[in-house]
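Read off the chains here:
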Amino acid sequence: QQLSNNSQPATMKFSSSILSAALLVSASCSSAAAFSTHQRTLSSSMRTSSSTTFLASTTEKSTECSSTSTTTTITPEFAGARDQAITTLKAQLPPEALSTLEQPLTHFISEYFQSLSDSAAAGTKNPDGSEVTPQQAVKNMLTTLSYGLKYGLGKDKFIFENVRHMALRGADFNDTVIDSRYEEESLKEKLGPDVTTDFYAAGCEFFRPSMDLEHSVVLGQDNLKKAREQIDAGENVIFLANHQSEADPQVVSCLFETVGKEMGELAAHVTYVAGHKVTTDALAVPFSMGRNLLCIHSKKHIDADPETKPAKSRQNMTAMNSMLKGLKEGGMAIWVAPSGGRDRRNVESGKIPIAPFDQKTVDMFRLMGNKSKVPTHFYPMAMVSYDLCPPPDFVEAGVGEQRNVRFTPIGIAICDEVPNVGGAEKRHLFTDKAEEECIAGYTDLLKGLKMDEYIPEEYSS
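Residues numbered from 1 in each chain as written. Predicted model: local features only at pLDDT ≥ 70, side-chain atom pairs only at ≥ 80, totals over all residues. Heavy atoms only, no water.

Packed helices, taken two at a time, are described by their axes: the angle between them and the distance between them. The geometry of helix H15 (residues 359–372) relative to helix H16 (residues 427–448) is characterised by a closest axis approach of 10 Å and an angle of 105° between their N-to-C directions. By the angle between their axes, H15 is roughly perpendicular relative to H16. Across the interface between the two elements, Gln 359, Val 362, Asp 363 and Arg 366 of H15 pack against Arg 427, His 428, Phe 430 and Thr 431 of H16. When the residues that make up the contact of H15 with H16 are grouped by side-chain class, the tally is 2 nonpolar, 3 polar and 3 charged. (Axes fitted to C-alpha atoms, helices over the stretch in contact; angles between N-to-C directions. Helix = DSSP H or I, 4+ residues; strand = E, 2+ residues; numbered from the N terminus. Parallel < 35°, antiparallel > 145°, perpendicular 65-115°, else oblique. Contact = heavy atoms within 4.5 Å. Nonpolar A, V, L, I, M, F, W, Y, C, P; charged D, E, K, R; others polar.)

Turning next to the state of the cysteines. One pass over the structure, following the stated rule, counts 0 disulfides. This cysteine, Cys 254, is not joined by any disulfide, and Cys 204 carries the nearest cysteine sulfur, 4.6 Å off. (Disulfide = S-S within 2.5 Å.)

Our focus in this paragraph is the pairing of strand E7 (residues 376–384). Counting buried positions along E7 yields 9 of 9 residues, so the element is predominantly enclosed. Burial along E7 is two-sided: the residues Thr 376, Phe 378, Pro 380, Ala 382 and Val 384 and His 377, Tyr 379, Met 381 and Met 383 are all buried. Note: strand E3 (residues 236–241) against E7, 6 bridges, orientation parallel. When the bridges of E7 are listed, Asn 236 appears paired with Thr 376. Looking at chain direction, E7 and strand E8 (residues 411–414) are connected through 4 bridges and run antiparallel. The residue of E8 that forms the bridge with Ala 382 is Ala 413. (Buried < 20%, exposed > 50% of the residue type's maximum accessible area, 1.4 Å probe, protein only. Pairing = 2+ DSSP bridges.)

Tallied over the full model, the rule gives 17 salt bridges. With a shortest N-O distance of 3.2 Å, Asp 194 and Lys 150 are connected by a salt bridge. You can see Asp 194 sitting in the loop between helix H6 (185–191) and helix H7 (199–207) and its partner Lys 150 sitting in helix H5 (residues 134–152), a full 44 residues away along the chain. Across the pair, exposure class does not vary: Asp 194 and Lys 150 are buried alike. Residues Arg 208 and Glu 257 are paired through a salt bridge, measuring 3.1 Å at the closest nitrogen-oxygen approach. Of this pair, Arg 208 sits in the loop between H7 and strand E2 (217–219) while Glu 257 sits in helix H9 (residues 248–259), placing them 49 residues apart in sequence. Of the residues examined, Arg 208 reaches a relative accessible area of 16% and is grouped as buried. Residue classification places Glu 257 among the partly exposed residues on the basis of a relative accessible area of 33%. Through salt bridges with shared partners, a single ionic network connects Arg 228, Asp 232 and Glu 265. (Salt bridge = Lys/Arg side-chain N within 4 Å of Asp/Glu carboxyl O.)

Moving on: the packing of aromatic side chains. Under the counting rule described, the total for this entry stands at 14 aromatic pairs. Centroid distance Tyr 112 to Phe 206: 4.2 Å. Interplanar angle 10°. Geometry classified as stacked. Residue Tyr 112 is located in helix H4 (residues 98–121), and its partner Phe 206 is located in helix H7; the two are separated by 94 residues in the primary sequence. Phe 206 sits in the buried class, given a relative accessible area of 1%. Ring geometry for Phe 378 against Phe 430: centres 5.5 Å apart, planes inclined by 85°, an arrangement best described as edge-to-face. Here Phe 378 is found in strand E7, whereas its partner Phe 430 is found in helix H16, with 52 residues between them in sequence. Overall, the relative accessible area of 4% leaves Phe 430 in the buried class. Taken together, the aromatic side chains of Phe 108, Tyr 112, Phe 206, Phe 207 and Phe 287 make up a single cluster linked through ring pairs. Lying over the aromatic face of Phe 173, Arg 169 brings its terminal NZ or CZ to 4.0 Å of the ring centre. Against the face of Phe 430 rests Arg 366, its NZ or CZ located 4.2 Å from the ring centre. (Phe/Tyr/Trp six-rings, centres within 6.5 Å; stacked < 30°, edge-to-face > 60°. Lys NZ or Arg CZ within 6 Å of the ring centre and 35° of its normal.)

What follows deals with the sheet that holds E8. Sheet strands pair by backbone hydrogen bonding; their relative direction is either parallel or antiparallel. A sheet is described by the order of its strands in space; here 8 strands give the open sequence E1-E5-E4-E6-E3-E7-E8-E2, paired in mixed fashion. At either end of the open sheet lies a strand with only one pairing partner, and these are strand E1 (164–165) and E2. Note: E1 against strand E5 (residues 292–295), 2 bridges, orientation antiparallel. Bridge pairing in E5 links Arg 164 to Leu 294. With respect to the sheet, helix H8 (residues 221–232) is in contact with E2, E3, strand E6 (333–336), E7 and E8, its orientation differing from that of E7 by roughly 140°. Each of E2, strand E4 (271–274), E6, E7 and E8 is contacted by H9, which is oriented at about 75° to E8, the strand it contacts most.

Turning to unusual backbone geometry, a few remarks are in order. Across residues other than glycine, the phi torsion is negative in most instances, and most of the peptide bonds are trans. At Lys 373, a residue that is not glycine, the phi angle is positive and equals roughly 65°. Position of Lys 373 relative to the elements: it lies in the loop between H15 and E7. Judged by relative accessible area, which is 75%, Lys 373 ranks as exposed. In the Ramachandran plot, Lys 450 falls in the positive-phi region, its phi being about 60° despite a non-glycine side chain.

With that out of the way, let us pick up H7. Listing the buried residues of H7 in full gives Phe 199, Tyr 200, Gly 203, Cys 204, Phe 206 and Phe 207. Angular distribution of buried residues about the axis of H7 spans 160°; they occupy a single face of the element. Buried-residue contacts for H7 involve H4, H5, H6, H9, helix H10 (261–269) and helix H12 (284–289). A distance of 3.1 Å separates the backbone nitrogen of Tyr 200 from a side-chain oxygen at the start of H7, and that oxygen is part of Asp 198. (Arc of directions from axis to C-beta. Polar contact = N/O pair within 3.5 Å; in protein donor to acceptor, adjacent residues only side chain to side chain.)

Position of Glu 435 among the secondary structure elements: in helix H16. Of the residues examined, Glu 435 reaches a relative accessible area of 19% and is grouped as buried. Ignoring any residue separated from it by four or fewer positions in sequence, one finds Glu 435 in contact with Pro 356 and Phe 357.

Remember that the coordinates give geometry; whether it matters functionally is a separate question.
Encoded structure:
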């Protein structure tokens, strides 16, 4: 298999005018002439019935996040665009939403504009060779917020109807392979003018300028090439990864692209095992729409609400069956974090250890690989992306965490394949080996990225 209208008027006013604000902001920027003239026009159906829930819980959360990135000063051009974007957006917020929307949106906008200001100051170039600009920050941010409001909330909220979601790449994305979903009137009506939007590319375009790709690192490229060849031969590959930021799928894509076009295509082919947050959090939804997903409730969160535990367990079983079907077809690439969540820094030492791999999770994926009767290969994948979007220091079961964004180098290491051999009595040895390989790759990445201060002492022994 080769890779290949019953809503509140005040709320609608905010959601439908969010991109119009981009024009007002860009017009007052010193380099406004460079702003792209093709502004998106949201459909009249973009209304939200509960916008006050958008990131609402962040107003009550002040969990500190860590980053060793040097404190920098935002340039006047980016500061002006940021301030006027915030002012314009505040003016569009209905009074009843100010208390819940103002703080999280202001914080997210401020973080993103600072990161792109740092990116521009470092001389970062876009893939087409152009410079990173304030107008790019305005367009990216307001487009993302508009998608979040449209598809994360209200009447047009996007529902992930299947536990295995296939990325929405746009009706015109591929001339040779037709995505039959775009022939369905229900999807056409829901997406409206966004029916040709490539949500995968949109997610990468949002985060890419915050990545210092020039100083980033991809280790184990020979292993990555081997994995690609195995997938092309119709075999399966499962990447057992540590998980550090919400942007990890975009990190994989943007770093694989630096290796070569074929690896960029592989990144788009990967299916990500994801928890409930990515399909329910308003800001996460548009990014998730552009990814191949297997929606599984992690062990960390499945017990949070006893009343919903049976339903979550049934959904997980359905997801496992769907994954097995894909593995039987062959040529499947899966990314999973066996820890069940993101790595968290040690608040006392400032070190960032890898969250331990859960043996039962690893056992399940090994079992599915064996049951598929198709050769299935396991590669530990170490990731360094913590500073890109630093997570809260403590696990939070709800959605709507405060978003932080930094301009920083990132890294991936594709470690040696761990043979899927051994019986049940030695299954712990497989998990231990996979985690050891991931830790070794993680340590090498941190050293290569000159982030030695994050390496836990026990990793250095």
